[in-house]
Structures are given as structure tokens and as C-alpha cells.
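Breakdown of the fold
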Amino acid sequence: MARLDQNSETMARPKSYIDAYDFDQCTECGECLYECIYKDLTKDQAIENISKMRQGDVAVCEAMLDQCVFCYNCSYSCPVNANPAALMFERLHERRNRERGVPASLQYIINGMESQGWTHNLFQDLYTDHNKDEKEIIAKWSEPKDCNDGDLLWCSCASRVFPYDIEQSHVLSGLQKFGGKSDCCGLPAFRSGLFDVGRFLANNLIDRFSQCRFKRLVVMCGSCQDMFQLALPEYFGQEFPFEMISVYQYLDEQIQNGNFQIKRQVTVDEKENTCIFHSCFGYKFGKDYLSCIKRLYQAVGFDCMELVHNGENNACCGMGGVYRQGNLWDIMNVKGVKKKDLKKSNKENILAYCYGCYFTSHLSQGGTTHFLLEKVLWALGDEIKYPISGILGRSFNFSSFIHMIGIIPSALF
Ligand code: SF4
Ligand code: SF4
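Just so it is clear, the structure is predicted and the values come from calculations on it, not from any experiment.

Spatially, β6-β5-β7-β8 is the arrangement adopted by the four strands of the open sheet, whose pairing is parallel. Pairing within the sheet leaves two strands with one partner each, and these edge strands are β6 (305-306) and β8 (369-371). Judged from the three bridges that link them, strand β7 (residues 349-352) and β8 form a sheet pairing that is parallel. By the bridge assignment, Leu351 is partnered in β8 with His370.

Our next topic: the sheet that holds strand β1 (residues 151-154). Within a beta sheet, neighbouring strands are joined by backbone hydrogen bonds and run either parallel or antiparallel to one another. With parallel pairing, the four strands of this open sheet are ordered in space as β2-β1-β3-β4. The open sheet has two edge strands with one neighbour each: β2 (176-178) and β4 (243-246). With strand direction ignored, the average angle separating the axes of adjacent strands in the sheet is 30°. Across four bridges, strand β3 (residues 216-219) lies against β4 in parallel orientation. Paired with Val219 across the two strands is Ser246, which belongs to β4. Across the sheet, helix α12 (residues 222-236) is in contact with β1, β3 and β4; its angle to β4 comes to roughly 150°. Sheet strands touched by helix α13 (residues 247-256): β3 and β4. Its angle to β4, the strand with the most contacts, is close to 80°.

Before going further, it helps to spend a moment on the site of ligand 1. Taken together, Cys36, Tyr38, Cys68, Val69, Phe70, Cys71, Tyr72, Asn73, Cys74, Ala85 and Met88 form the complete shell of residues around ligand 1. For the shell around ligand 1, a count of residues per class yields 10 nonpolar, one polar and no charged.

Take the site of ligand 2 next. Residues in contact with ligand 2 amount to 13 residues; listed here are only the nearest, Cys26, Cys29, Cys32, Cys78 and Pro84. The residue inventory of the shell around ligand 2, partitioned by class, reads eight nonpolar, three polar and two charged.

Here we take up the packing of α13 against helix α16 (residues 287-300). As a packed pair, α13 and α16 sit with axes 9 Å apart at the nearest point and diverge in direction by 60°. What the angle tells us is that α13 and α16 run oblique. In this structure, α13 crosses over α16, and the sense of that crossing is left-handed. Where α13 approaches α16, its residues Tyr248, Gln249, Leu251, Asp252 and Ile255 are matched on the opposing element by Cys292, Ile293, Arg295, Leu296 and Ala299. Considered class by class, the residues forming the contact of α13 with α16 number seven nonpolar, one polar and two charged.

Domains assigned within the chain are domain 1 (17-99), domain 2 (104-260 + 394-403) and domain 3 (268-379). Between the C-alpha centres of domain 2 and domain 3 the distance comes to 21 Å. Between domain 2 and domain 3, the contact holds 20 residues from the first and 19 residues from the second. At the level of secondary structure, the elements contributing two or more residues to the side of domain 2 that touches domain 3 comprise α6 (104-109), α12 and α13. The greatest single-element share of the side of domain 2 that touches domain 3, amounting to six residues, is contributed by α13. Looking at the side of domain 2 that touches domain 3 residue by residue, the classes come out as 10 nonpolar, seven polar and three charged.

Take Thr274: it is sitting in strand β5 (residues 274-277). Contact partners of Thr274, with chain neighbours within four places excluded, come to Phe302, Cys304, Lys347, Asn349, Ile350, Leu351 and His370.

To continue, consider helix α2 (residues 43-55). When the terminal C-alpha atoms of α2 are compared, their 19 Å separation across 13 residues agrees well with the 18 Å that a helix rising 1.5 Å per residue should span. Those residues of α2 that are buried lie in contact with α1 (31-35), α3 (58-65) and α5 (84-99). Gly56 sits one or two residues past α2 and shows a positive phi near 85°.

Secondary-structure assignment places Lys375 in helix α21 (residues 372-379). Distance in space between the C-alpha atoms of Lys375 and Met305 is 17 Å, their sequence separation being 70 residues. Not counting chain neighbours up to four residues away, the residues in contact with Lys375 comprise Val266, Val300 and His370.

Now for unusual backbone geometry. Glycine aside, a negative phi is what most residues show, and trans is what most peptide bonds show. Phi at Asn81 takes a positive value of approximately 55°, unusual for a residue other than glycine. The topology assignment puts Asn81 in the loop between α4 (74-77) and α5. Despite not being glycine, Asn148 has its phi angle at roughly 55°, a positive value. On the secondary structure map, Asn148 appears in the loop between α8 (132-142) and β1. The class of Asn148 is exposed, set by 9 C-beta atoms lying within 10 Å.

Here the focus is the pairing of β5. As paired strands, β5 and β7 are joined by four bridges and run parallel to one another. Looking at the pairing, Ile276 lines up with Leu351 of β7. Bridge analysis of β5 against β6 gives two bridges, and the strand direction is parallel. Paired with Ile276 across the two strands is Glu306, which belongs to β6.

Soluble, globular proteins show a tendency: their nonpolar side chains are buried together. Among the nonpolar cores identified, the biggest contains 126 residues, and Trp154 and Ala352 are the most heavily contacted of them. Here Trp154 is in contact with Phe178, Gly179, Leu217, Val218, Val219, Met220 and Cys224, once residues within four sequence places are set aside.

Rules behind the numbers
- Residues numbered from 1 in each chain as written.
- Chains lettered and ligands numbered in written order.
- Predicted model: local features only at pLDDT ≥ 70, side-chain atom pairs only at ≥ 80, totals over all residues.
- Pairing = 2+ DSSP bridges.
- Helix = DSSP H or I, 4+ residues; strand = E, 2+ residues; numbered from the N terminus.
- Axes fitted to C-alpha atoms, helices over the stretch in contact; angles between N-to-C directions.
- Contact = placed C-beta atoms within 7 Å.
- Near = placed C-beta within 6 Å.
- Nonpolar A, V, L, I, M, F, W, Y, C, P; charged D, E, K, R; others polar.
- Parallel < 35°, antiparallel > 145°, perpendicular 65-115°, else oblique.
- Left-handed = near helix turned anticlockwise from the far one by under 90°.
- Domains from an automatic or database assignment.
- Expected span 1.5 Å × (residues − 1).
- Buried ≥ 20, exposed ≤ 12 C-beta atoms within 10 Å, placed from the backbone.
- Core = buried A, V, L, I, M, F, W, Y, C linked by C-beta atoms within 7 Å.

Okay, structure coming up:
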């Protein structure tokens, strides 16, 4: 499979986010900023601010960026499909250029950049806590795979934190697994305003996939799916050159075909006391994807309640705040909307289907957070030896402690 070359002379590749924004179509109606649930603007203020953002007024851009989670929702409000989310990303990209360097805390959460001199990384630190078995699994997953006409399971940065149960899973035993320590889709970089870093990482990963042989790529992580399926064509002018489905679609497909049977379900309390925490990519992936998520959680036994903000107006788990500046307070600030929704729901527990949503809510939301993938594997008969709820134990080790001290100034101030 040929590499998608950003320097190709035969194809003009977009050079920045702004190429995905239809500058000429925009009528400066202000709907995008007015409808945004992270801004509290009157219609007149929204019209004035979008006009100044389009002109590149730095003070207004900075104020709007500090109230943005880069969730793409404003693009759904635009009556002329100008894609205002791309304008937000462009202004974020300009902020990164003004800073002349990537904040240390942002560098720390983006995997795969060691070759470019980014020395410390959260995922690499989490992997240092792997035991002997887990280290062997990651080494095995790093090697290119020949699946002939079968499916290949892409094990993303987050899914590699707990590799044991994926490798041992009876449910996933029909899939070969692939994903080395530094393989990253580039989506966190893309959402942080680092356009070139996102493209560099995505292309490196496409090169790695090209060394494997498979029919379909089964993707464990929604962020990776977002990068491959939506961001690459929309922002980078590149089609992802492989057939791809999410792991949820794969599991749903196998259940529908009668290949997998549900063997156990959650308790009555879990069934009745849980709400679904949609991720920022859920609505973007479309109705079929969301129906599949619903079929799966119902199969596991959940009767999930929807939160007030969902669909086009879905609220962010908090993770989107970190893309502004790599500052941890922004996570706390952003997750306030979802927290209020949760309070209104009168439900104690959360069901998340995105790793980012799981980690943010498990570490800060109260109640129990369930992870849909883990629950489905369990319901289909897998034993879970290292539950994802053990993430806190993996997060603090000698390496992460030392490196986190180094990023405190940019993470907290
Ligand atoms: S990307 Fe999301 S948070 Fe940012 S302006 Fe658009 S809707 Fe608001
Ligand atoms: S981007 Fe769309 S919604 Fe926003 S001001 Fe322009 S036309 Fe209106």
C-alpha cells in the first residue's frame, strides 16, 4: 500500500485547518458561537465575535479559544455548512505558533514523538508499570501481522495500558492484534492545534499498517476512528486507505450473526441507575454507530438514561479543555456542564464508550463509571483480570512522578 505523502507534487494537500473552513460561504450570522454551550454570548456578541475571529483579532480569538473544547458541534449549527469548527482549530494553531513551542504538558500527552525529540510521554510512563506478561504482549503486538483475509485489531495508545485481557480474550481471539508502544493516530495532536504533528503521526501509522496484511481494520479507540474516518479526509485531504470498523461495530456484528452469545448481565441496580456518557465523536459517526452502541449496552443489561446535552449539543467529558493549553484546570472547568447534567439525571453511575471519557469521569466524577467495551467482553464470557478501573494505580510510578513534576508549571499555571 503506497504511503500518503504530504509532499506529493501531484496532489495539493491542505496546509492548515483553515482549508477546511468555507470562508466565502460564511454570512457572519453568529449561529455557531451563539449555540455553543461553552459560551454565554448574546446574538449580537456572537455576530461581533465571529466577525473578529474571521479577521484574526487576537484578543477575541484568545477569549473564544479559552471557552472552546474543540468538539466540532458548532459546525452542526451552521446554516451554510461553512464548518466553523475548522476556524476554531485554525485560531488554536495560530496560538501554538505564537507560543513558539508546544507546552510541556501538551507534549506529555501526545504519544509517538520521541523521534522528534519529545522525551517524556504519559503513555510510555504508564507502560513502564507493565509486568513481564504484559511487556511480552506489547512486544508481540508491535510486530507487523499477516491476517490474510481476516480482520486486524488495532490496539491504540490507551488500550495498550491494559493489554492482558485483550490478548487473553476468548471473544477477540479471532483477531490478530497490532500496536507498538509509540504508534499513535495523531488525533490528540490534531485537536491541540498541531496540524503537522497530527499528519506526521497519522502517516507514520499508515506506514505501519501497510506492513500488515488484513481485510478490515477493527479500531479499539474512537479518537483513532475519528482521525482515520473523518479528520484525514476533511482536514488533510487524504482518504484512509483501509477498510475500517470500530470494535463496537465488530462485536455488534458478531452478536447479530449469532457467533457470540450474551452469557451474563449487569445487576438491577446497575441497569436502572446508569446514564450514557456520549463522547464528542459519537454523534459525528452517525446514527448507525449510535444504534450499535445502544444495542450493545442493552444486550449487557443497561437501561441507560440520556443526559440533557446529547446529539448535536453533546457536552464534553472535560478532556477537550486540555487541548486549549495543556492545563489541567481546564478539564475541571469544562466538565462542569456534564456534571450538572449528571446531577439532573438523578443517576449515580456512568457508562462511557470512549477511553478519554472513561478516564476523566472515573478519576473525577463520583459514582461508578463503567466502560462499555469491558462490560461487553465480560457479558460475552471473558474474565477481566486487570479492570480499567485500576488506571489510578498505573498512573503514579517513578517515571510519571518525575516527569509530572517537570510539567507542573504548564499543567497548572
Ligand atoms: S468547537 Fe465546540 S466548544 Fe468550540 S466553538 Fe465549536 S461548539 Fe463551541
Ligand atoms: S460559520 Fe456558519 S454559523 Fe458561523 S457565522 Fe458563519 S455562516 Fe454563521
